[in-house]
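# Architecture at a glance
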Amino acid sequence: MRLSNLADYAVVLMSAAARQCGSVPLHAGMLAEQTGIPGPTAQKLVSQLARAGLLVASRGSGGGVRLARPAAAISVADIIEAVEGPIALTSCVAEGRHDCSLEGSCKVQPHWGVVNGAVRGALQDISLATLSVAPKQPSPRRSRHWPATRSDYDRQHRPPRERPGRARRRGEGRRL
C-alpha cells in the first residue's frame, strides 16, 4: 500500500499548520513556502481540507486558515480520508463497486473489511500532534545475538590470524 502524493502532501501541510499553533494567520502560499509543496497544490489541499472540516478559513485582512480542532484530535486517517476518500486496500469492499472478476466466488472478500479496519485503526492512532514535533532519536540497539557493525561480525567469526613471533601450538614448534 502506498499513499498518493496528494495524501502525502496533505499530511505534510497539516503538520506545518499544527506547528504554527495559531501563532500567525496561515495561507496556502505560506504553507507552500514552508513545506516545499508547489503553490497550486497547496491551494487545492487547503480547499479540500477545509471542505472536510480539518481547516477553518477566515476572510479579510489578517485572514487565513487554522486547524479546526486541536492537533491531538486530528488523526492521520482523518487527513488521508479527506483527500483520498475511505481507506480501503481493495475496491471490492466499496459499496456499489462491482468491477472484480472474482466477485461471487471470492472467499477472501468478506474478510477485507477486517483488514481495512485494522489499517484505518493504525492510522487513526497517530495524531497530528505526534507528527508536528521532532521525533526522538532512537537509541542504537545492540543485540546480544547480532554484532553492531560488519567489523564486529568479522572479529567474532573469522579464525585468528597467525602473527610472526607469536607462540605456536603444541607440536607446531620449529624443527631442527
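Residues numbered from 1 in each chain as written. Predicted model: local features only at pLDDT ≥ 70, side-chain atom pairs only at ≥ 80, totals over all residues. Heavy atoms only, no water.

### Re the pairing of strand β1 (residues 55–58)
Sheet analysis places β1 next to strand β2 (residues 64–67), joined by 4 bridges and oriented antiparallel. The partner of Ser58 across the bridge, within β2, is Gly64. The antiparallel pairing of β1 with β2 creates a hairpin that spans 5 residues between the two strands, and Gly60 there sits at a positive phi of about 95°. (Pairing = 2+ DSSP bridges. Helix = DSSP H or I, 4+ residues; strand = E, 2+ residues; numbered from the N terminus.)

### Brief notes about helix α3 (residues 39–51)
When the terminal C-alpha atoms of α3 are compared, their 18 Å separation across 13 residues agrees well with the 18 Å that a helix rising 1.5 Å per residue should span. Inspection of α3 places Ala42, Leu45, Val46, Gln48 and Leu49 among the buried residues, and these make up the whole buried set. Buried residues of α3, viewed axially, fall in a sector of 170°; they line one side. In α3, the exposed positions that point more than 90 degrees away from the buried face belong to Pro40 and Arg51. Residues of α3 that are buried in the fold lie against α1 (5–20), α2 (28–35), β1, β2 and α4 (76–84). Positive phi appears at Gly53, one or two residues downstream of α3, with a value of about 85°. (Expected span 1.5 Å × (residues − 1). Buried < 20%, exposed > 50% of the residue type's maximum accessible area, 1.4 Å probe, protein only. Arc of directions from axis to C-beta. Contact = heavy atoms within 4.5 Å.)

### Points about the environment of Gly36
Among the secondary structure elements, Gly36 is positioned in the loop between α2 and α3. Overall, the relative accessible area of 62% leaves Gly36 in the exposed class.

### Things to note about α1
Across its 16 residues, α1 extends 23 Å between first and last C-alpha, which sits within 8% of the 22 Å expected from 1.5 Å per residue. Inspection of α1 places Ala7, Ala10, Val11, Leu13, Met14, Ser15, Ala16, Ala17, Ala18 and Gln20 among the buried residues, and these make up the whole buried set. Turning to α1, the residues buried within the fold contact α2, α3, β1, β2, α4 and α6 (128–131). At the exit of α1 stands Cys21, carrying a positive phi of roughly 50°.

### Regarding the packing of α1 against α3
Helix-helix packing is characterised by the crossing angle of the two axes and by the distance between the axes. Running from N to C, α1 and α3 point in directions that differ by 80°, and their axes come no closer than 10 Å. Accordingly, the angle class assigned to the pair α1 and α3 is roughly perpendicular. Residue-level contacts link Leu6, Tyr9, Ala10, Leu13 and Met14 of α1 to Thr41, Ala42, Lys44, Leu45, Val46, Gln48 and Leu49 of α3. Looking at the contact of α1 with α3 residue by residue, the classes come out as 9 nonpolar, 2 polar and 1 charged. (Axes fitted to C-alpha atoms, helices over the stretch in contact; angles between N-to-C directions. Parallel < 35°, antiparallel > 145°, perpendicular 65-115°, else oblique. Nonpolar A, V, L, I, M, F, W, Y, C, P; charged D, E, K, R; others polar.)

### Remarks on the nonpolar core
Counting residues in hydrophobic clusters, the biggest one holds 31 residues, and the most contacted among them are Met14, Leu31, Leu49, Leu67, Ile79 and Leu128. At the level of secondary structure, the elements contributing two or more residues to this core comprise α1, α2, α3, β2 and α4. Once residues within four sequence positions are removed from consideration, Met14 is found in contact with Leu49, Leu54, Leu55, Leu67, Ile74, Ile79 and Leu128. (Core = buried A, V, L, I, M, F, W, Y, C linked by side-chain atoms within 4.5 Å.)

### Quick look at the pattern of salt bridges
Oppositely charged side chains can form a pair if their charged atoms are brought close together. Tallied over the entire structure, the rule returns 3 salt bridges. Two residues, Arg120 and Asp78, come together in a salt bridge whose shortest N-O distance is 3.9 Å. Highlighted residues: Arg120 in helix α5 (residues 112–124) and Asp78 in helix α4, separated in sequence by 42 residues. For Arg120, a relative accessible area of 26% corresponds to the partly exposed category. A network of salt bridges, in which partner residues are shared, links Arg69, Asp78, Glu81 and Arg120. (Salt bridge = Lys/Arg side-chain N within 4 Å of Asp/Glu carboxyl O.)

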